[in-house]
Amino acid sequence: MSNSLRAVRGMNDLLPVDAPLWQYFEATLRDWLKSYGYHELRTPILEHTGLFKRAIGEVTDIVEKEMYTFVDELNGESMTLRPEGTASCVRAAIEHNLLFDGGKRLWYQGPMFRHERPQKGRYRQFHQFGIEALGYAGPDLDIEHLLMSARLWKRLGLSDCIRLEINSLGGAESRALHRQKLIAYFQAHEAFLDEDAKRRLIGNPLRILDTKNPAMQSLVEAAPKLMEELDDVALAHFEAVKAGLDAAGIAYSVNPRLVRGLDYYNYTVFEWVTDRLGAQGTVCAGGRYDGLVQQLGGKPAPACGFAMGVERLLALMAEVGVRAPAAAADVYLVNVGEAAARFALQAGESLRDAGLDVLMHGGGGGFKSQMKKADASGARHAVIIGDDEAAAGEVTVKPLRESGEQVRLPLAAGVRMFLAQKGLLID
Ligand code: ATP
Ligand code: MG
């Protein structure tokens, strides 16, 4: 196997056997997004490195050690495979002046790239669906996003295994105050800090709260809380978000240590978490980022959004036994003989004209083996054509999933029969 070609580590193929669940998930999400009036925005997978550095923050896990960055040899520019979607959305909104006539509700989906240690629920190419509401100060939009996600879990059959954690990061002033207290606190306990934390102590002490190092948990637990620095405006915003959740009957817990791994957040932040996937339990995360549009060169515009990890949600669906609806063909077209193969092409097109999904047998073989394949395909009916049928312009229709006699009839009558079964026959 040493010479064989393999996919890049941490980057997965989506195999046909898994595709139906992905497609079901994607179709459910498109439907759900439409029901809230969100519009799709597609941006390139590759962006200038500076965009992510400016948006996400220099002293963050993503920018410090997770980005796929390389120099384009043709022009010497530094390029980065997108590690997340918000920066590109905001860049595109500014570039195309999307906010010229007011707020916009947007969504995106696709692969993201982070150079992390691959493990269950953590990949180097993974997929996100995300939404961004640009130009809205909230808190109504913050609440909308939480209601939206709760509805999505319900639609996917996941409500019972995902819980909500929320926090407020306040505005710039509260964060500055808190930052001073954090630095003083961690300096007083410097002996307990790991290397990452020491490096971040001055550059970005808030990040230390986001540590995944078990040895630092109790230190972080006792650290000064941002919540205690919130001013009246931030508190009122947070209270309104909580009231919105209460009114909608959505349970949540306030987690004062929830800070998120990207610098652009302020006010509301949240994560939807499950206990069913081990360590990689955050399936969806987001919050408000009122400063980002201006920070990336646009006119100031408040905003909020969230992103969900598709692989983790699909793993959760598999874990709790959610299945994609069966997607077998209506008809498996059995054809034996040269004339039959030619007539089968014509019959297949006629059946598709009538709106049926038709799986044409390929690769030859006798009746018996073709019928076995028809059965295994899950199709509801076999339409059987031998040279005999072909000469007469007829087809034999045999039900595969329910009892019933097989019938032989002219092709046109066969098509009419299927139309009648679908309730589509208008005489
Ligand atoms: P984590 O704390 O697990 O590293 P994060 O805070 O880096 O997550 P975000 O940047 O908020 O993650 O991305 C939103 C969601 O995308 C996460 O909640 C998760 O479901 C998913 N996600 C993030 N990184 C990965 C990855 N490497 N592989 C698979 N899914 C991921
Ligand atoms: Mg991460």
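Residues numbered from 1 in each chain as written. Chains lettered and ligands numbered in written order. Predicted model: local features only at pLDDT ≥ 70, side-chain atom pairs only at ≥ 80, totals over all residues. Heavy atoms only, no water.

### Section: the pattern of salt bridges
Under the convention used in this document: Here, a salt bridge means any Lys or Arg side-chain nitrogen found within 4 Å of an Asp or Glu carboxyl oxygen. Note on conventions: DSSP H or I runs of at least 4 residues are helices, E runs of at least 2 residues are strands, and numbering of each starts at the N terminus. In this scheme, a residue with accessible area under 20% of its type's maximum is buried, one over 50% is exposed, and one in between is partly exposed, where area comes from a 1.4 Å probe on protein chains only.
With the rule as written, the count across this model stands at 26 salt bridges. Between Asp388 and Arg408 there is a salt bridge whose closest N-O contact spans 3.2 Å. Linking Asp388 in helix α15 (residues 387–392) with Arg408 in strand β16 (residues 407–410), this pair joins segments that are 20 residues apart in sequence. By relative accessible area, which is 52% here, Asp388 ends up exposed. Overall, Arg408 belongs to the partly exposed group, its relative accessible area being 39%. Measuring nitrogen to oxygen at the nearest pair gives 2.7 Å for the salt bridge that ties Arg408 to Glu394. In this pair, Arg408 sits in strand β16 while Glu394 sits in strand β15 (residues 394–399), placing the two residues 14 residues apart along the sequence. Each of Asp61, Glu64, Lys65, Asp196, Arg199 and Arg200 takes part in salt bridges that share partners, so that together they form one network.

### Let's talk about unusual backbone geometry
Pro139 follows Gly138 through a cis peptide bond whose omega is 5°. A positive phi angle, near 50°, is found at Asn97, a position not held by glycine. Relative to the elements of secondary structure, Asn97 occurs in the loop between α4 (86–95) and β5 (104–113). Located in the positive-phi region is Tyr267, a residue other than glycine, with phi close to 50°. Along the chain, Tyr267 falls in strand β9 (residues 266–273).

### Looking at the environment of Leu106
Let me state the cut-off plainly: Contacts are assigned to residue pairs with any non-hydrogen atoms lying within 4.5 Å of each other.
On the secondary structure map, Leu106 appears in strand β5. Under the relative-accessibility criterion, Leu106 is labelled buried at 6%. Along the primary structure Leu106 and Gly130 are separated by 24 residues, whereas in three dimensions their C-alpha atoms are 8.5 Å apart. Non-local contacts of Leu106, meaning those with residues more than four positions away in its chain, are made with Tyr38, His39, Leu41, Leu98, Gly130, Ile131, Glu132 and Leu134.

### Brief notes about the site of ligand 1
Applied cut-off: Throughout, the term near means that a residue has one or more heavy atoms lying within 4 Å of the molecule or strand in question. Here a polar contact means two N or O atoms within 3.5 Å. Within protein one must be a hydrogen donor candidate and the other an acceptor candidate, and residues neighboring in sequence count only if both atoms are side-chain atoms. For the area figures, the Shrake-Rupley method with a 1.4 Å probe applies, and any residue is considered shielded solely by the protein chains shown.
Lining the immediate surroundings of ligand 1 are 17 residues, of which Arg114, Glu116, Arg122, Arg260 and Thr282 lie closest. Side-chain polar atom of Arg122 to an oxygen atom of ligand 1: 2.8 Å apart, as the coordinates give it. For ligand 1, whose unbound accessible area comes to 580 Å², protein coverage reaches 92%. Mapped onto the shell around ligand 1, the elements with two or more residues apiece are β6 (125–134), β10 (282–288) and β11 (303–309).

### Concerning the pairing of β11
Just so we agree on the cut-off: Each pair of strands is called paired provided DSSP finds at least two bridges between the two strands.
Among the 7 residues that make up β11, 7 are buried, leaving the element largely enclosed by the rest of the structure. On β11, burial covers both faces: Ala303, Gly305, Ala307 and Gly309 on one face and Cys304, Phe306 and Met308 on the other are all buried. Direction of pairing for β6 relative to β11: antiparallel, over a ladder of 7 bridges. Considered in β11, the bridge of Gln128 is made with Gly309.

### Regarding the sheet that holds strand β14 (residues 381–386)
This is how the line gets drawn: Angular values range over 0 to 180 degrees, each being the angle between N-to-C directions of two axes fitted as lines to C-alpha atoms, with helices fitted over their stretch in contact.
Ordered in space as β13-β12-β14-β15-β16, the 5 strands form an open sheet in which the pairing is mixed. Edge positions in the sheet fall to β13 (358–360) and β16, since each of these pairs with one other strand and no more. Neighbour to neighbour, the strand axes of the sheet diverge by 30° on average, direction disregarded. Sheet topology places β15 next to β16; 4 bridges connect them, and they run antiparallel. Bridging across to β16, Thr396 finds its partner in Arg408. Docked against the sheet, helix α14 (residues 367–377) engages β12 (331–336), β13, β14 and β15, running at close to 170° with respect to β12. Of the strands in this sheet, β12, β14, β15 and β16 touch helix α16 (residues 411–421), which is tilted by about 115° from β16.

Taken by themselves, the reported measurements are silent on function.
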